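Reading the structure
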Amino acid sequence: MKNTLSLRIMGDLYEKDMITCPYNREHVMLRKKYQQHILKCREIYKDKVELLECPFNKGHLVPELEFHQHLKSCDDRKIIVQHLNSEEPDVRPDTRHEKIEADENWDDDRVEDYNPQVYCAQANIIREPRGLFPAQRKAFFKEEERRRRGDAEQPGTSNSPAENRPTPHHHKERLHSKRSSK
């Protein structure tokens, strides 16, 4: 049962979506893979098989002996001839309109470029740090907390005694400056 179903599906695919290689009739492929396949076969058979390209469809590669017959019966030729012989459509007067003139020209406006980082820093949104080291991430979260609270103080300054506590490096500098002033 399963084999019968797959054969029926393959039969439908063969008729609709399958195409044969002009270089080797044993090569059968999906129509969407044809261009890719032709590039490979053209290289393999370049010295063995001489095919001419149809002027109406570059995908039609035809042997030289069949080329003139193909030009007369090519389906794509019929489409082009029909287009060339068709009359131009009538444009009714009620579909025409006057050219629209505008007073403004958006190309002439001198507007500052949009910077998403600046916007995110000023807007009331939650930002996530990406690609930061742990110490930088910690500082980022502190600044974000200040920004969300709306503190007007400058970044890096704080009224908190814990944050203003001197570091060991800072303490050594103060001692060194006291000794040099004596």
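Residues numbered from 1 in each chain as written. Predicted model: local features only at pLDDT ≥ 70, side-chain atom pairs only at ≥ 80, totals over all residues. Heavy atoms only, no water.

A look at the overall build of the protein chain
Put simply, the test is: A run of H or I in DSSP counts as a helix once it spans at least four residues, and a run of E counts as a strand once it spans at least two, with each numbered from the N terminus. Buried residues are those whose accessible area, probed at 1.4 Å on protein chains only, stays under 20% of the maximum for their type, while exposed residues exceed 50% and partly exposed ones sit between those limits. In this description, contact between two residues means that some pair of their heavy atoms is separated by no more than 4.5 Å. The accessible surface values rely on the Shrake-Rupley method and a 1.4 Å probe; as for residues, cover is taken only from the protein chains in view.
Secondary structure assignment for the protein chain yields eight helices and four strands. Order of helices (α) and strands (β) in the protein chain, N terminus to C terminus: α-β-β-α-β-β-α-α-α-α-α-α. The burial tally for the protein chain puts 15% of its 182 residues in the buried class. A fraction of 12% describes how many contacts in the protein chain between residues 6 or more apart in sequence connect residues 24 or more apart. Total accessible area on the protein chain is roughly 17100 Å²; 52% of this is exposed by carbon and sulfur atoms.

Some details on the pattern of salt bridges
The following threshold applies: Salt bridge, as used here, is a side-chain nitrogen of Lys or Arg placed within 4 Å of a carboxyl oxygen of Asp or Glu.
All chains considered together, the criterion is met by eight salt bridges. Linking Lys 78 and Asp 75 is a salt bridge whose minimum nitrogen-to-oxygen distance equals 3.9 Å. Separated by three residues within a single helix, Lys 78 and Asp 75 lie in helix α4 (residues 75-85), roughly one turn from each other. Accessibility classification places Lys 78 together with Asp 75 in one group, the exposed group. In this structure, Arg 147 engages Glu 144 in a salt bridge whose closest nitrogen and oxygen atoms are separated by 2.7 Å. One end of the pair is Arg 147 and the other is Glu 144, both in helix α6 (residues 134-149) and three residues apart, which spans about a single turn. Residue classification places Glu 144 among the buried positions, given a relative accessible area of 1%.

Details of the packing of aromatic side chains
Just so we agree on the cut-off: Pairing of aromatic side chains here covers Phe, Tyr and the six-membered ring of Trp, requires ring centres within 6.5 Å, and sorts the geometry by plane angle: under 30 degrees stacked, over 60 edge-to-face, intermediate tilted.
In total, this model carries three aromatic pairs according to the counting rule given. Ring centres of Tyr 23 and Tyr 45 lie 6.2 Å apart, and the angle between their planes is 10 degrees; this geometry places the pair in the stacked category. Linking Tyr 23 in the loop between β1 (18-20) and β2 (28-30) with Tyr 45 in the loop between α2 (34-44) and β3 (51-53), this pair joins segments that are 22 residues apart in sequence. For the pair shown, Tyr 23 and Tyr 45 are each scored as buried.

Some words on the side chain of Asp 76
This is how it is decided: Neither His nor the chain termini are counted; the positive set is Lys and Arg, and the negative set is Asp and Glu. Identification of polar contacts relies on pairs of N or O atoms within 3.5 Å, with a donor-acceptor requirement for protein atoms, meaning one able to donate a hydrogen and the other able to accept it, and with residues adjacent in sequence counted only if both atoms are side-chain atoms.
Within the secondary structure, Asp 76 is located in helix α4. Here Asp 76 sits buried without a salt bridge, and the closest side chain of opposite charge, Arg 31, lies 8.8 Å off (N-O distance). A distance of 2.6 Å separates the side chain of Asp 76 from the side chain of Asn 57, its partner in a polar contact. In this structure Asp 76 touches Phe 56, Asn 57 and His 60, once residues within four positions along its chain are discounted.

Overview of the nonpolar core
Going by this rule: Remark: nonpolar core denotes a set of buried residues (Ala, Val, Leu, Ile, Met, Phe, Trp, Tyr, Cys) joined through side-chain atoms within 4.5 Å.
Counting nine residues, the largest nonpolar core consists of Cys 21, Tyr 23, Met 29, Tyr 34, Ile 38, Cys 41, Tyr 45, Leu 51 and Leu 61. Aside from chain neighbours lying at most four places away, what touches Tyr 34 is Ile 19, Thr 20, Pro 22, Met 29, Gly 59 and Leu 61.

A few points about α6
Short version of the rule: An expected span of 1.5 Å times one less than the residue number is assigned to each helix. Directions pointing from the helix axis toward each C-beta atom define the arc.
A rise of 1.5 Å per residue sets the reference length of α6, with its 16 residues, at 22 Å; its end C-alpha atoms lie 23 Å apart and thus fit the reference within 8%. Every buried residue belonging to α6 is among Phe 140, Glu 144 and Arg 146, and all of these are buried. Take α6 and look down its axis: the buried residues cluster within an arc of 160 degrees, on one side only. Across α6 from its buried face, at more than 90 degrees, point the exposed residues Pro 134, Ala 135, Lys 138 and Arg 149.

Notes on a negative patch on the surface
Test applied: Residues form patches when they are more than 30% accessible in relative terms and have no salt bridge. Like charges link within 9 Å. Nonpolar side chains (Val, Leu, Ile, Met, Phe, Trp, Tyr) link within 5 Å. Here the site of a charge means NZ on Lys, CZ on Arg, CG on Asp, or CD on Glu.
Residues Asp 103, Glu 104, Asp 107, Asp 108 and Asp 109 make up a contiguous surface patch of negative charge. Within the element layout of this structure, Asp 107 appears in the loop between α4 and α5 (116-122).

Quick look at the confidence of the model for the protein chain
For clarity, the cut-off: The predictor attaches a confidence to each residue, and that confidence, scored 0 to 100, is pLDDT.
In the predicted model, the protein chain carries a mean pLDDT of 77, and the fraction of residues at 70 or more is 75%. In this model, residues 1-7 is a region of pLDDT below 50 whose contacts with residues beyond four sequence positions or in other chains number zero contacts. For the stretch residues 160-174, pLDDT sits under 50, and the model shows six contacts to residues farther than four places along the chain or on other chains.

Quick word on a nonpolar patch on the surface
Residues Tyr 114, Tyr 119 and Ile 125 make up a contiguous nonpolar surface patch of about 340 Å² in total accessible area. Here Tyr 114 is to be found in the loop between α4 and α5.

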